[in-house]
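# Per-entry structural report
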Amino acid sequence: MAEIKKITKAEQQGQTKIRSVPVAVTPEGFWCCPSPVAFQKTLKSHHSLHKPKHSPTEKKPAEKEKEKEKRPSSTTIRSVIASDEQQQQQSNSEETTHHSIAVPVTTLPRKVAIEFGEPGSSDAKVILVGKQGFCVKLSVHKKVLVDHSSFFAKKLSDKDSVFACLEIESCEDAEIYVETVGLMYCKDMKQRLMKQNVSRVLRVLNVAELLGFGSCVQSCLDYLEAVPWVGEEEEEKVISSILRLKTEGVGVSVVTTPVLKRVASSSVDPPKETLSRIIELVLRSKEEKSRREMKSIVLKLLREQNGNNVAENFNQTIYSSCQRCLDMVLSLFRQDESDAKQIGVEADNLTWLLDVLAERQAAEEFSVTWANQKELALLHEKVPLVSRYHISRVTSRLFVGIGRGELLPSKDTRLLLLTTWLQPLFKDYNWLQHGCRSFDGKLVEEGIGRTILTLPLEDQQRILMSWLGSFLNGGDGCPNLQRAFEVWWRRSFVRPYSDRQGSGVSQTDSTSKE
């Protein structure tokens, strides 16, 4: 399509049969309906034109005509398509412009002549005036344009002359205008669009919609419905273009178009059953690597949504899954021989579900449920350390969430959580550090300390004194809560709040007496 075919004398005399495809004619010669590459090359060649060079030898008449077509002109657009007499006036104007050094060549309009159909058979011209200072002259057939385009049908119907002329000013995408007009001459637009990429078809769709070229709009939509969209950016461009598409006079229903069905269903929110099914499939997976990867993906997607377009009762689905996992853990702890691997799986599931709830700012209820697991806490001491330490990961995640402000349980819940699960966590801490790759000791210690410091001062003292005995005996096998200990110490001994309050009162009293 991009190859330029040279014309022999016989072809110029009309002895050669013309192919039944759009033919574009430029000063360089013939080619089929202009390809993007050929059209761009033509524009570049005209952009780079400078003052015509004089040749010492006499040029043939045909070469003179070509040079006239290439030569920049300062005359109006109408003179481009004028008769032979007007062309003579244009030549005089061009000569004047040529000898004038006050007008830079880059400011002069550049011309590209393109002819569709059989040479010499056109009965209308369309002038595209680009913003960059060049114009494209299209020799077309009035019937073809009127039959395919409601825009041209309206514009050209007002012109009663035998040879109609239409000028389109400030054309932002002249190249695509030319290609879209060329598609009016094509019998199989689908085949031609298949050679383009998504970005270019979107540009054609935009121009076709402006021209009221309904069959082209439909062909573009059929192409976009079938072709894969690569990346989120391209998908956004497709969807936004279709949503902006005007349906008046085009005959395309944007609401029911198959293109949008790729990204939107008839229901506004994803059904609860689908989300529940996804959660259960992930939790019950027997393949560790796949389960871990899908947990990460689902959590990431839920985080990106940030609660939007997610069923309102989805939290209840998560809590139901949490309860099933808790029941499974209790059943495993009650057995004479514990299954360390399965306990680890259920603990990991609980931690992941807690992550999901924390992302949705709905983990307070879980903290209440976990703080009241007294039977599980009692059974914890009887289960071998190699099996039970996985459960302390759930406790650690709760403390981290409270320390970060991801969940805000009540004071009673925080106190009950520390009373029930802090000592089991101390006993499992050494195993958590060495047996769990994802365990972040510094983060857990910070979360425990911050949780303790949210309690009344008396509770802080009782819990931290208990920690001090475990830390002095356990060393690195016990969480390091020294920072929380220092804060509690300053609150209690350095400058107690009661002293500060009393000092303020005394100062006020003394001031009032004065």
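In what follows, the structure referred to is the one given above.
Residues numbered from 1 in each chain as written. Predicted model: local features only at pLDDT ≥ 70, side-chain atom pairs only at ≥ 80, totals over all residues. Heavy atoms only, no water.

Looking now at the overall build of the protein. When helices and strands are tallied, the protein shows 25 helices and six strands. Here the protein, with 514 residues, has 45% of them falling under the buried criterion. Within the protein, contacts between residues at least 6 apart in sequence are counted, and of these 70% link residues at least 24 apart. As displayed, the protein offers around 29200 Å² of accessible surface, 51% of which is attributable to carbon and sulfur atoms. (Helix = DSSP H or I, 4+ residues; strand = E, 2+ residues; numbered from the N terminus. Buried < 20%, exposed > 50% of the residue type's maximum accessible area, 1.4 Å probe, protein only. Contact = heavy atoms within 4.5 Å. Areas by Shrake-Rupley, 256 points an atom, 1.4 Å probe, with all protein chains shown as cover.)

Once that is clear, we can look at the pattern of salt bridges. Counted under the stated rule, the structure contains 22 salt bridges. A salt bridge links Lys 295 to Asp 348, with the nearest nitrogen and oxygen atoms 2.5 Å apart. Separated by 53 residues along the polypeptide, Lys 295 in helix α14 (residues 288-305) and Asp 348 in helix α16 (residues 340-359) bring together distant segments of the chain. Counted as one network, the salt bridges with shared partners bring together Asp 355, Arg 397, Arg 404 and Glu 406. (Salt bridge = Lys/Arg side-chain N within 4 Å of Asp/Glu carboxyl O.)

A few words on helix α11 (residues 231-243). Taking 1.5 Å of rise per residue, the 13 residues of α11 would be expected to cover 18 Å, and the 19 Å separating its terminal C-alpha atoms lies within 8% of that figure. Regarding α11, the residues found buried are Val 238, Ile 239, Ser 241 and Ile 242. For α11, the angular spread of the buried residues around the axis is 165°, confining them to a single face. Every exposed residue of α11 that faces more than 90 degrees away from the buried side is listed here: Glu 232, Glu 233, Glu 236 and Leu 243. (Expected span 1.5 Å × (residues − 1). Arc of directions from axis to C-beta.)

On to a negative patch on the surface, then. On the surface, Glu 232, Glu 235, Glu 236 and Glu 304 cluster together into a patch of negative charge. Looking at the negative patch, the element that brings in the most residues is α11, giving three residues. For Glu 232, the position within the fold is in helix α11. In this structure Glu 232 comes out as exposed when scored by relative accessible area, which is 67%. (Patch = residues over 30% accessible without salt bridge, like charges linked within 9 Å, V, L, I, M, F, W, Y side chains within 5 Å. Lys, Arg positive; Asp, Glu negative; His and termini not counted. Charge placed at Lys NZ, Arg CZ, Asp CG, Glu CD.)

With that settled, consider the side chain of Thr 317. Position of Thr 317 among the secondary structure elements: in helix α15 (residues 314-334). Residue classification places Thr 317 among the buried positions, given a relative accessible area of 6%.

All right, on to the environment of Glu 280 then. Tracing the chain through its elements places Glu 280 in helix α13 (residues 272-283). In sequence terms Glu 280 and Ser 321 are 41 residues apart; their C-alpha atoms lie 7.6 Å from each other. Setting aside anything within four residues of it in sequence, one finds Glu 280 in contact with Ser 321 and Arg 324.

The next thing to look at is the nonpolar core. Counting 67 residues, the largest nonpolar core has Leu 350, Trp 352, Phe 366 and Trp 370 as its most contacted members. Looking at which element gives the most residues to this core, the answer is α15, with 10 residues. Among all residues touching Trp 352, those that are not within four sequence positions of it are Ile 279, Val 282, Leu 283, Lys 295, Val 298 and Leu 299. Residues Ile 114, Leu 128, Phe 152 and Met 189 belong to the second largest nonpolar core, which totals 51 residues. (Core = buried A, V, L, I, M, F, W, Y, C linked by side-chain atoms within 4.5 Å.)

Here the second largest pocket is characterised by a volume of approximately 1200 Å³. Surrounding the second largest pocket, 38 residues form its lining, Asp 348, Thr 351, Arg 393, Cys 436 and Ser 438 being those nearest its centre. Breaking the lining of the second largest pocket down by element, the ones donating at least two residues are α14, α16, α20 (392-404) and α22 (441-453). Per element, the largest residue contribution to the lining of the second largest pocket is 11 residues, and it comes from α16. When the residues that make up the lining of the second largest pocket are grouped by side-chain class, the tally is 12 nonpolar, 10 polar and 16 charged. (1 Å grid on protein atoms, 1.4 Å probe; cavity = no way out; pocket = protein on both sides within 12 Å on 5 of 7 lines; lining within 4 Å. Points joined across faces, edges and corners; volume = space filled by probe spheres on them. Nonpolar A, V, L, I, M, F, W, Y, C, P; charged D, E, K, R; others polar.)

Moving on, we get to the pairing of strand β5 (residues 134-140). In terms of residue burial, β5 counts as a mostly covered element, since seven of its seven residues are buried. The two faces of β5 match: Phe 134, Val 136, Leu 138 and Val 140 on one face and Cys 135, Lys 137 and Ser 139 on the other face are all buried. Of the strand pairs in this sheet, strand β4 (residues 124-130) and β5 are connected by six bridges, and their pairing is antiparallel. Following the sheet pairing, Val 126 is matched in β5 by Leu 138. (Pairing = 2+ DSSP bridges.)

Turning next to the pairing of β4. β4 sits mainly inside the fold: seven of its seven residues count as buried. Of the two faces of β4, the one carrying Ala 124, Val 126, Leu 128 and Gly 130 and the one carrying Lys 125, Ile 127 and Val 129 are both buried. Alignment of β4 against strand β6 (residues 164-171), held across six bridges, turns out to be parallel. Across the sheet, the residue bridging to Ile 127 is Glu 167, located in β6.

Turning our eyes to something else, we now look at the environment of Val 259. Inspection of the secondary structure assignment puts Val 259 in helix α12 (residues 258-261). With a relative accessible area of 1%, Val 259 lands in the buried category. As a C-alpha pair, Val 259 and Asp 222 span 37 residues in sequence and 7.9 Å in three-dimensional space. When near neighbours in sequence (up to four residues on either side) are disregarded, Val 259 contacts Leu 221, Leu 224, Glu 225, Trp 229, Val 238 and Ile 242.

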